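Listed below, chain by chain, are the residues.
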Amino acid sequence: QVQLVESGGGLVQAGGSLRLSCAASGRLFNIYMMAWFRQPPGKEREFVGRVYWRTDTTNSAISVQDRFTISRDKAKNTLYLQMNSLKPEDTAVYYCAARTTWATDYEYWGQGTQVTVSS
């Protein structure tokens, strides 16, 4: 099992920045990929970005790639999401997720952290 705990959410004004963290624990030896998703109020969950855990290769959604940076600290088993130039439309619950090598989808999810951007 893998446990994921997000932190760093909060209320910020438009144009501001936040850094989210996702601490992973448990059976981490088989982690293949970790990712950030978000769910805006009243909308479906959407992909934000991901990192291939062993290679540190990252991909981000087009809508955020110029403002958000995903990274990981393998030694600390922590995933990060640096969010700059935040907009009200970035308001959402942000979730981190993990996928193991043989899985076809993300198996583990954190509880989510709320990010609210005021205009």
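One can find the structure itself at the top, above this paragraph.
Residues numbered from 1 in each chain as written. Predicted model: local features only at pLDDT ≥ 70, side-chain atom pairs only at ≥ 80, totals over all residues. Heavy atoms only, no water.

## Here's the deal with the state of the cysteines
Within this structure, the stated rule accounts for one disulfide. Residue pairing for C22: its cysteine sulfur links by disulfide to C96, the two sulfurs lying 2.0 Å apart. Handedness of the C22-C96 disulfide follows from its S-S torsion of about 45°: it is right-handed. Of this pair, C22 sits in strand β3 (residues 18-26) while C96 sits in strand β9 (residues 92-100), and the two are 74 residues apart along the sequence. Residue C22 shares its accessibility class with C96, and that shared class is buried. (Disulfide = S-S within 2.5 Å. Helix = DSSP H or I, 4+ residues; strand = E, 2+ residues; numbered from the N terminus. Buried < 20%, exposed > 50% of the residue type's maximum accessible area, 1.4 Å probe, protein only.)

## Digging into the pattern of salt bridges
Counted under the stated rule, the structure contains four salt bridges. Its salt-bridge partner being R38, residue E46 comes within 2.5 Å of it at the nearest N-O pair. Using a relative accessible area of 29% as the deciding quantity, one classes E46 as partly exposed. A relative accessible area of 5% means that R38 is categorised as buried. (Salt bridge = Lys/Arg side-chain N within 4 Å of Asp/Glu carboxyl O.)

Functional significance is not addressed by these values, which are geometric in nature.
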